[in-house]
Amino acid sequence: MKVSSLLLTLLISLSCYAQDATEIVRKADEKMRGTTMQAELTIRTIRPAWTREMNCRIWIKGNSLSMILILSPVKDKGISFLKRKKEVWNWMPSLERTIKLPPSMMSQNWMGTDFTNDDLVRESSVVEDYIHTVTGDTIIQNRVCYIIKMIPKPEAAVVWSKVVVCIDKKDFIELHSRFYDENDELINTMNCYDIKLMDDRMIPTRFEMVPSDKKGQKTEMVYKMVSYNKPIKDDFFSVEYMKKLL
Amino acid sequence: MKKWLLIFVHLLCIAAYADDSISFPGHVMVHGYIKDMQVLSFNKDFKNAISSGLIHNRINLKWKPVSNITIVTELRNRVFWGEEVRLTPGFASLLRNTNEKFDLQKAWISDSSFIVHTNVERLYFNYGNDKLDIRIGRQRINWGITTTWNPNDIFNTYNFLDFDYEERPGSDGGRISYRFNNIVSIEAAYANTGIKNGNIAAAKLSLNKWNYDMQFISGLYREYVTLGCGWAGSIKDAGFKGEIQYLYKNADGTDHLNMTMEGDYMFKNEWYVNVAALFNNSGINTPIANWNVADLRISPEELMPTKWNTMISATKQITPLFSATTGILYAPGTNLLIFLPSLQYSMMENLDINLFWQSFFLETSNQFENVNHRCFLRIRWSY
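Just so you know, these numbers come straight off a predicted model, no measurement behind them. (Residues numbered from 1 in each chain as written. Chains lettered and ligands numbered in written order. Predicted model: local features only at pLDDT ≥ 70, side-chain atom pairs only at ≥ 80, totals over all residues.)

Draft legend 1. Spatial organisation of the overall build of chain B. Scanning chain B from terminus to terminus reveals two helices and 19 strands. The C-alpha radius of gyration computed for chain B amounts to 22 Å, which stays within 12% of the reference 21 Å derived for 383 residues, consistent with globular compactness. Each principal axis of the C-alpha atoms in chain B carries an extent, and together these give about 65 × 50 × 50 Å. The burial tally for chain B puts 28% of its 383 residues in the buried class. Counting contacts in chain B only where the partners sit at least 6 residues apart, residues at least 24 apart contribute 50% of the total. (Helix = DSSP H or I, 4+ residues; strand = E, 2+ residues; numbered from the N terminus. Rg over C-alpha atoms; globule rule 2.2 N^0.38 Å. Buried ≥ 20, exposed ≤ 12 C-beta atoms within 10 Å, placed from the backbone. Contact = placed C-beta atoms within 7 Å.)

Written as structure tokens, this is what we have:
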């Protein structure tokens, strides 16, 4: 009896802990994304011998709707990407045509950067598609953080087989993430810096994605403008609208 | 002189007003490129090398006086020189896009081996709101879905070998589209080609259902009644697309059917592979006597001179600045093979260099042999 009640207590406490972990991730996710998000950002691809910069504007609504418009460099200006649920389209203004992209492109690097399509437009939900466990505490940039292990649910179609995130305990800001492949090898590390008041909330405004096996290589993403929770009609996320963004 | 000076100052003002950010009502956007391309052509066994050069400039102007209205003008300026110009009879006369009704081109200089040519590629007025879009003037009406061959692209067919003309030709006409919602839209278009009985009028219904884009086309293509459909979706993680277009011309038995199917996939090691097949019911399906029979001036009636065609292309991004592509086209009936490798390198943010190669092989007189090779080196500066 004692053993069973002990086990029951342990199970209850474990499930509470798991629920807490999910809640922490949910709060951090909600903080970064809001119900809708519009941002203008600079993406800098950094390699040992060269650096390239790209400016784009991004619109996100929930996990299923997003749009990206490239503003520079000039040769790519006007190219846009639309994601609606599992479908992705690419508008090429110079060809005046829409190209539907194969789903296999979602897990690949986007426009030569170290971010995947999925990192930018989040096909997967960090809340719904993973099982979360708090594994410990750490201090990053003088902030006490939870360390949370995220393992994808069996049915979830996600790129990574494990993600470890560090989330600030006070403000629920994600400060560090590590992405692992199916062989449990570390593929990418993301660090988040420069916490500032953007729109109505304090968020990191510089994100650095560092591939683990490529020395001197990383991609930086800097938010220049962000606005949250401004209504965007579902109609905006249409193939016709992606042609009219410029 | 004063007039030219005024135009120059006006253009400068427009350029200065051009903005790199999203356009606002009243703004004019100016962009384009200048390309320099050197071409070497060889006959069989790399004999009789012929060289030519091309400077190619495009100026795109877009003006939004108010948010619903857009006015677009695009100019294509080209300077040709070299042996190929000298050896091709009537070279300047071949530069006009064949399906344009109005003659908005001008050969400023047309010497035996030097040509300066300008064409107004786009000139249209567009009104658009949330649901309705109306465009009148010279424009590209692009109904293609697939990458290599586009049977549904009945307004202005594109030759996939003409890689240096990415914008593709325009049509003189009008187009109206109405979007009911994110699932259903309709479009009707008309193009006047300036040829007797050569006009094109068609309607397209577009749907998105079961994660597939689908389109159904019906109309008149020149003297043909035409019906078509196309789709773009996926099977597991691979893209799956296709287009079918049927052209029927009364009881004399002339009809054309072009069908294409295509699959594409991005592998984890960043190899992108695209496999396509095309069936053209009136194409040649037996070995031909000589290369000149394989006319690659394609049209919606015949997207290839050959009946069965397959194309495999693979692209590998070696670094984000450097990528390599290889394409192989093979038509089994005629034993026509085209080998199309290319290299792309970004030298600076807006400066790219490309190397394209096209080799043609064909079975003639029971012998499979090379017939023609072309090499293109291109530098492009975008502004």
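We are not done yet, so read on.
Draft legend 2. Representation of the overall build of chain A within the structure. For chain A, the count of helices and strands is three helices and 13 strands. Relative to the 2.2 N^0.38 estimate, which gives 18 Å for 246 residues, the radius of gyration of chain A is 19 Å and therefore close to what a compact globule would have.

Draft legend 3. Structural view of the interface of chain B and chain A. On the chain A side, the residues contacting the 32 residues of chain B number 29 residues. Those elements that place two or more of their residues in the side of chain B that touches chain A are β11 (224-235), β12 (238-249) and β13 (254-266) of chain B. In terms of residues, the side of chain B that touches chain A owes the most to one element, β13(B), which gives three residues. Residue composition of the side of chain B that touches chain A, grouped by class: eight nonpolar, 13 polar and eleven charged. (Nonpolar A, V, L, I, M, F, W, Y, C, P; charged D, E, K, R; others polar.)

Draft legend 4. Summary view of the confidence of the model for chain A. Residue and element names in this part refer to chain A. Averaged over all residues, the pLDDT of chain A equals 87, while 90% of them reach at least 70. For chain A, helix α1 (residues 2-33) is the element with the lowest average pLDDT, namely 68, and strand β9 (residues 162-168) is the one with the highest, namely 95. Below pLDDT 50 for its whole length, residues 10-16 participates in zero contacts with residues either more than four positions away or in separate chains. (pLDDT = per-residue confidence, 0-100.)

Draft legend 5. Fine view of the nonpolar core. Ranked by size, the top nonpolar core spans 56 residues in total, and within it I24(A), C56(A), I148(A) and I167(A) carry the most contacts. In terms of residue count, strand β3 (residues 65-72) of chain A provides more of this core than any other element does, six residues in total. The next biggest cluster of nonpolar side chains, apart from the first, holds 13 residues, and it includes W149(B), A276(B), L336(B) and I338(B). (Core = buried A, V, L, I, M, F, W, Y, C linked by C-beta atoms within 7 Å.)

Draft legend 6. Up close: the pairing of β12(B). Residues and elements named next belong to chain B. The pairing of β11 with β12 spans eleven bridges and is antiparallel. When the sheet's bridge partners are listed, G228 is paired in β12 with Q245. Linking two consecutive strands that pair antiparallel, namely β11 and β12, is a turn of two residues; a positive phi of about 55 degrees is found at K236 within it. Judged from the eleven bridges that link them, β12 and β13 form a sheet pairing that is antiparallel. By the bridge assignment for β13, Y248 is matched with D255. (Pairing = 2+ DSSP bridges.)

Draft legend 7. Highlighting the pairing of β3(A). All names here are of chain A. When you tally the buried positions in β3, you get seven out of eight residues, the bulk of the element. Judged from the seven bridges that link them, strand β2 (residues 51-61) and β3 form a sheet pairing that is antiparallel. Among the inter-strand pairings, N55 is bridged to a residue of β3, identified as S72. Linking β2 back to β3 in an antiparallel pair, the connection comprises three residues, with G62 at a positive phi of about 60 degrees.

Draft legend 8. Representation of the environment of V116(B) in the model. Residues and elements named next belong to chain B. Residue placement: V116 occurs in strand β5 (residues 114-128). Judged by the 17 C-beta atoms lying within 10 Å of it, V116 falls in the partly exposed class. Along the backbone, V116 and E100 are 16 residues apart, and their C-alpha atoms lie at a distance of 20 Å. Those residues in contact with V116, other than ones at most four positions away along the chain, are V79, W108 and I109.

Draft legend 9. Representation of the environment of Q105(B) in the model. Along the chain, the position of Q105(B) falls in strand β4 (residues 105-110). Every residue in contact with Q105(B), bar those within four places of it in the chain, is listed here: R96(B), H117(B), T118(B) and N119(B).

Draft legend 10. Molecular detail of the environment of S342(B). Relative to the helices and strands, S342(B) resides in strand β17 (residues 336-348). Sequence-distant contacts of S342(B), defined by excluding residues within four places in its chain, comprise T325(B), N354(B), L355(B), F356(B) and W357(B).

Draft legend 11. Molecular detail of the confidence of the model for chain B. Residues and elements named next belong to chain B. In this model, chain B carries a mean pLDDT of 88, and residues with pLDDT of at least 70 account for 91%. In this model, residues 1-24 is a region of pLDDT below 50 whose contacts with residues beyond four sequence positions or in other chains number 17 contacts. As a predicted assembly, this complex carries a pTM of 0.87 together with an ipTM value of 0.87.

Draft legend 12. Examining unusual backbone geometry more closely. Note the cis peptide between S72(A) and P73(A), where omega equals 5 degrees. Here P73(A) is to be found in the loop between β3 and β4 (80-84). The backbone of K236(B) shows a phi angle near 55 degrees, a positive value even though the residue is not glycine. Within the secondary structure, K236(B) sits in the loop between β11 and β12.

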